[in-house]
Amino acid sequence: MAGSQWDLPPELCCRPMAFVALTGLDVVYNAVHRAIWDAFCANRRADRVPISFKVLPGDHEYPKCRTKRTSYEWYIPKGILKTGWMNKHLNLVPALVVLFYELDWDDPQWKEKQSECATKVEIVRTSLQGRNTKVAVVLIQKKTPLPPGEDLVASERAAALCNACDLSGKSLFVLPHTDHLVGYIIRLENAFYEHAQTYYYTEIRRVKSHKEFLNKTTHQLLFVRHQFKIAFFSELKQDTQNALKYYRTAYSLIHELRAHETNMLEIKTMAGFINYKICRLCFQHNTPLDAIAQFRKHIDLCKKKVGCAELAFEHAAWMSKQFQSFGELFDEAIKLGLPAIQTQNPGFYYQQAACYSQDRKLQAQQLCQAAASYSSSEPMDTQTGGLDFYGQRPWRQGHQSIDPPDAEKERTGILALQIKERDVPHSELIITLLSNAVAQFKKYKCPRMKSHLMVQMGEEYYHAKDYTKALKLLDYVMCDYRTERWGGLLTAILTTALRCAYLMASVKDYVLYCMELLGRACVCVCVRVQEYNRWCVVESSGPDDMNLSPGKTKSFNFSFVAQTEDVGRKIEVTAVEAMLGGLAGRCVFVSWRGAGGDAASAHEALQASRSSRRWARGVEACPQLDWDTLVVQHSTMIVSRVPKISVQLRHRPPALLNEMYRIRLTVQSQEDSKARDVRLTAGLKPGQDANLGLTTHVTLDGSKVCDDTPPSLLADVPVEDLEPGEELQSCVYVKCVSTGPRVFLFHVSYSVDATVDGRRLACRCHKDETVTIETVVPFDVSAKFVSIKLEPVDRLAVDVPFLLMTDVLSMSPWPLQLVSSCLQLLSVTSSSPQLVSQLQGVVLQTGECASECFCLRCPPLGHNNGSVAPGQYLISWRRKSSSEDVPLIQTAVALPHIVLESVPLYIHADLPSFGRVRESLSVRFHIENRTALVQEVEMAVEPSDAFMFSGLKQVRLRVLPGSEQQMLYNFYPLMAGFQTLPQLNVSLPRRPTADTHALRCFLPQRIFVKPQGRQLDEASIAAA
């Protein structure tokens, strides 16, 4: 029989839920109906009642109800359970039919629609004639109903509608189509669920009522059937405790039936169904031990009920399905939170299911040989039509007697089943079950069980002729068996793997497995430089130390002294020889060539090793290694001797831009003899960005700041010889003119005499140290130009004094000492005869800022309009921690360009620094003509609330070219504090286009006025 034919029916495996049919909904063309249907079936959470909904037309034909039997006196049952009964009550016969009808309480056509609704209800009742199915009506309304008792019209019309439709008040519902549709739907579901509960309760009572008409002589099958139906209806009613009780009763009754070959399959089938239900409910009730006990009891009762000996493979298939189904139930319960352990997990049940599938395969091979000579079409004609009862034969349905009714048809049916069994993919079924078991044992960390089952999977793949997968699985397991030294198991697996490699024509794997099966080996290694070959032969010191065990990695060491002239050369393995097996029996002599050298040198090395034949020299074996972790290295480079000197670097990073950064190098000899010809290579490590080489300069002279001539790498600088234990110190200075990280190399090489195996050799050794140094900016300089009044300016007037403000912000992690600062002026001049640095001796910590100010003037140039470069700002500095002999670093900062403009007049005022209330202060205005023409100037003084003044309020005067006019005023302050001076407005009548407003920027705007002081007499002073 096909593997799928033993699968449990889906209606048995699903969770039984009450079936409610919905009629009157047009879910295709009516959007409101569609929304109602979506609210019923979409996004059903676990907290909603378990109901299965289905939309059916109003005139749907439900399954006809058979005529009720009044007596069982002459009734002989033909089987235990019909194949369509569970599906009928799950999907065909509803517990409740709900009619949806659009009708509002205030509908103008109430009478007509009431009559129409009653007609539809009658149609539904007619189609359900003979059934106890409940009928309910839901009115779809547009308005939200009033609370019960407040709408008298609704109450009257509801009573009239119930009377017309012959409904009780509990079967009429109202569904307002509003924003709270889902809430109303959930309330409807709860009401529907109560009606369904009533229906299934009625059905249970109906089935129970048949018991008084039955007798145990002829109605034994009915006892089982009725108990199963009651249990199934209890599940639909969600009464799982009673369902479990009735399933247990049904299971006990089914084993009380008299079993013989004709009904054995039906009894086992129904026993399997009921056992499945019992185990499922036990897991659901969180009593896994009861489920396991029930399953073991089930297996003990049924494992010997083989049935027809010619169809023994069917019993193996049925047993396999029982274990598989229980394993699936167990696994599902674990996913829902049930704990499991190594000794009790679903893997054991999948494994047992695979064992029974293997038995089925063997029995099918033995029993189906006779059917090989028959055509598969002739006997299969006896299996036409579906089965009426579960577990019955198609050629004798409904037959319950011991002897078959037609012996010839019985033989033909058995032959048809044997022919069908030949086409079953047994290996696929076994592999699937073994795969499930492997997954479970892997999950619960049972590695040996997993390996054992993987071997069985590999053998099944081999029988299925899928040699690639078989070899892959076996190779995986062989790795574990080699590690754990299971010699016998490994040999058995190697035999199967060897067959797979042969059938796959995989020469590499075939040779590999043959070599492993041989067991013993002897090895010889040959290198390209023949002078070293005599030291590269594996020598045996005992009879068994050269044996290579299966799955075990063995390594051997050999050593030789490399010649001095070979330093820097590469030694390559040209050949490896191995003798597999023993000289007394079969042996294989294998040579690997071309591991890196040319064919000629490999052949010469091979001939040299064969001529010596030194297979029996003593050799020390290394500890056990993992073959998979070994890296194949067929060549090696001869390097210089390991140096015995220590190289230490001391410095204070980071380096600051343009400074002479000092790195103190300390070399100490730890050699036993004198280190000669010591040389130092220091500087930028090769292989970095080419631009770094142009901006990095290395020197040994730290007495002055170097220029751009020193290179970035000092190579082979001679250093004095070192005696044993002697220490040498030297300083290397690095100047970096760009920021960023740099890697510096310090390479110390020397020559020393060494004794190896009694020979004295001159060895050249070297020690390398690298260090990464970041170069950062020491400080940030900002400069700006302001007027004499400390106001920002965009343009500067020619030959008018202004201020240069500079800020130096420290960005160094180390304290900086600013030694001096100065200006290198190009197009401007200083208003002071000698500029004195205001930063001299200032020490800046990280994040601190130092500022200074310079008063400058731009003399008339050939072009007085345009941008000019004022010059540079120079700062001399060093690290605070540096000594006085460390050279100063001078940093030049270009000053920002200034924009010059010429003015026809220059006006400035002479006034005291402050005034006093009610005390006169003199203010003298100077008007200078900066042009070659006579300028006519109009001046007017604006009044101010804070001052009285004396002098010309408005005047018109002429100023000769290059000359100056003065105006004197006396200001009389009236209020204390910062007060605005009376403003002087100047205009040039002959030059109306001149910007006279800009002349105000030269004049003071405000002055501080002190309050009037009290004059103390001599008596007050004496009293004080």
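Cut-offs used in this document
- Residues numbered from 1 in each chain as written.
- Predicted model: local features only at pLDDT ≥ 70, side-chain atom pairs only at ≥ 80, totals over all residues.
- Heavy atoms only, no water.
- Axes fitted to C-alpha atoms, helices over the stretch in contact; angles between N-to-C directions.
- Helix = DSSP H or I, 4+ residues; strand = E, 2+ residues; numbered from the N terminus.
- Parallel < 35°, antiparallel > 145°, perpendicular 65-115°, else oblique.
- Left-handed = near helix turned anticlockwise from the far one by under 90°.
- Contact = heavy atoms within 4.5 Å.
- Nonpolar A, V, L, I, M, F, W, Y, C, P; charged D, E, K, R; others polar.
- Polar contact = N/O pair within 3.5 Å; in protein donor to acceptor, adjacent residues only side chain to side chain.
- Salt bridge = Lys/Arg side-chain N within 4 Å of Asp/Glu carboxyl O.
- Buried < 20%, exposed > 50% of the residue type's maximum accessible area, 1.4 Å probe, protein only.
- Core = buried A, V, L, I, M, F, W, Y, C linked by side-chain atoms within 4.5 Å.
- pLDDT = per-residue confidence, 0-100.
- Pairing = 2+ DSSP bridges.
- Patch = residues over 30% accessible without salt bridge, like charges linked within 9 Å, V, L, I, M, F, W, Y side chains within 5 Å.
- Areas by Shrake-Rupley, 256 points an atom, 1.4 Å probe, with all protein chains shown as cover.

### Some words on the packing of helix α16 (residues 467-484) against helix α18 (residues 507-518)
Part 1 of the reasoning: Direction vectors running N to C along α16 and α18 enclose 30 degrees, while the axes themselves pass 14 Å from each other. In terms of orientation, α16 lies roughly parallel with respect to α18. In this structure, α16 meets α18 at a crossing whose hand is left-handed. Counting all contacts with α16, which are made through Leu471, Asp475, Met478 and Arg482, the residues of α18 involved are Asp509, Tyr513 and Glu516.
Part 2 of the reasoning: Class assignment of the residues belonging to the contact of α16 with α18 gives a composition of three nonpolar, no polar and four charged.

### Section: the side chain of Gln227
Part 1 of the reasoning: One can find Gln227 in helix α7 (residues 220-236).
Part 2 of the reasoning: Ignoring any residue separated from it by four or fewer positions in sequence, one finds Gln227 in contact with Tyr246, Thr249, Ala250 and Leu253.

### Some points on the environment of Arg157
Part 1 of the reasoning: By the element assignment, Arg157 lies in helix α5 (residues 152-165).
Part 2 of the reasoning: With 52 residues separating them in the primary sequence, Arg157 and Trp105 have C-alpha atoms 7.0 Å apart.
Part 3 of the reasoning: Once residues lying within four places of it in the same chain are set aside, the contact partners of Arg157 are Trp105, Asp106, Asp107 and Trp110.
Part 4 of the reasoning: Among the polar contacts listed, one links the side chain of Arg157 to the backbone oxygen of Trp105, at a separation of 2.3 Å.

### Considering the pattern of salt bridges
Part 1 of the reasoning: Tallying each qualifying case throughout the model produces 29 salt bridges.
Part 2 of the reasoning: The partner of Arg206 in a salt bridge is Glu203, with the nearest N and O atoms 2.7 Å apart. Taken together, the residues Arg206 and Glu203, both in helix α6 (residues 181-208) and three residues apart, mark about one turn of the helix.
Part 3 of the reasoning: Its relative accessible area of 26% is what places Arg206 among the partly exposed residues.
Part 4 of the reasoning: With its nearest N and O atoms 3.5 Å apart, the salt bridge here joins Arg878 to Glu884.
Part 5 of the reasoning: On the basis of relative accessible area, Glu884 is assigned to the exposed category, the value being 65%.

### Some words on unusual backbone geometry
Part 1 of the reasoning: Put simply, Pro653 and Pro654 share a cis peptide bond, and its omega is 0 degrees.
Part 2 of the reasoning: You can see Pro654 is positioned in the loop between β10 (645-650) and β11 (655-656).
Part 3 of the reasoning: Phi angles above zero are rare outside glycine, and Asp166 is one such case at about 55 degrees.
Part 4 of the reasoning: Tracing the chain through its elements places Asp166 in the loop between α5 and β5 (172-176).

### Side note on the nonpolar core
Part 1 of the reasoning: Core analysis: the biggest nonpolar cluster contains 100 residues, and Tyr200, Phe228, Tyr247, Ile254, Ile274 and Phe326 have the highest contact counts within it.
Part 2 of the reasoning: The dominant element in this core, judged by the number of residues it contributes, is helix α9 (residues 264-284), at 12 residues.
Part 3 of the reasoning: Once residues within four sequence positions are removed from consideration, Phe326 is found in contact with Cys279, Phe283, Ala291, Ile292, Phe295 and Tyr349.
Part 4 of the reasoning: Membership of the second largest hydrophobic core comes to 31 residues, among which are Leu680, Leu684, Val732 and Val752.

### Description of the confidence of the model for the chain
Part 1 of the reasoning: Per-residue confidence for the chain averages 82 on the pLDDT scale, and 89% of its residues sit at or above 70.
Part 2 of the reasoning: Counting contacts from residues 376-385, a segment whose pLDDT is below 50, to residues more than four positions away or on other chains yields 12 contacts.
Part 3 of the reasoning: Note on residues 595-621: pLDDT under 50 across the span, and 63 contacts to partners over four residues away in sequence or across chains.

### A short note on the sheet that holds β11
Part 1 of the reasoning: What the five strands build is an open sheet, ordered β11-β18-β17-β13-β15; its pairing is mixed. The open sheet has two edge strands with one neighbour each: β11 and β15 (713-719).
Part 2 of the reasoning: Strand direction decides the pairing type here: β11 and strand β18 (residues 759-776), joined by two bridges, are parallel. The residue of β18 that forms the bridge with Leu656 is Val776.

### Things to note about the side chain of Glu11
Part 1 of the reasoning: By secondary structure assignment, the location of Glu11 is in helix α1 (residues 10-13).
Part 2 of the reasoning: A polar contact of 3.2 Å, which involves the side chain of Glu11, links it to the side chain of Tyr390.
Part 3 of the reasoning: Setting aside anything within four residues of it in sequence, one finds Glu11 in contact with Thr83, Met86, Asn87, Leu90, Phe232 and Tyr390.

### Observations regarding the pairing of strand β32 (residues 921-929)
Part 1 of the reasoning: Of all nine residues in β32, seven are buried, a share of seventy percent or more.
Part 2 of the reasoning: Note that strand β30 (residues 905-910) and β32 share six bridges and pair antiparallel. Considered in β32, the bridge of Asp910 is made with Arg924.
Part 3 of the reasoning: Here eight bridges tie β32 to strand β36 (residues 964-973), and the two strands are oriented antiparallel to one another. Each residue of the ladder has a partner; that of His926, found in β36, is Gln966.

### Concerning the packing of helix α12 (residues 346-367) against helix α15 (residues 447-463)
Part 1 of the reasoning: At their nearest, the axes of α12 and α15 sit 12 Å apart, and the two run at 30 degrees to each other. On the basis of their axis angle, the class for α12 and α15 is roughly parallel. Seen along the crossing, α12 lies across α15 with a hand that is left-handed. Only Met449, His452, Leu453, Gln456, Glu460 and His463 of α15 make contact with α12, whose side of the interface consists of Gln351, Gln358 and Lys361.
Part 2 of the reasoning: Here the contact of α12 with α15 is built from residues that sort into two nonpolar, five polar and two charged.

### Concerning a nonpolar patch on the surface
Part 1 of the reasoning: Taken together, Tyr502, Leu503, Val507, Tyr510 and Val511 make up a surface patch of nonpolar side chains, about 500 Å² in accessible area.
Part 2 of the reasoning: Of all the secondary structure elements, the ones that give two or more residues to the nonpolar patch are α17 (487-504) and α18.
Part 3 of the reasoning: The leading source of residues in the nonpolar patch is α18, at three residues.
Part 4 of the reasoning: Mapped onto the elements of the fold, Val511 is located in helix α18.
Part 5 of the reasoning: Its relative accessible area of 39% is what places Val511 among the partly exposed residues.

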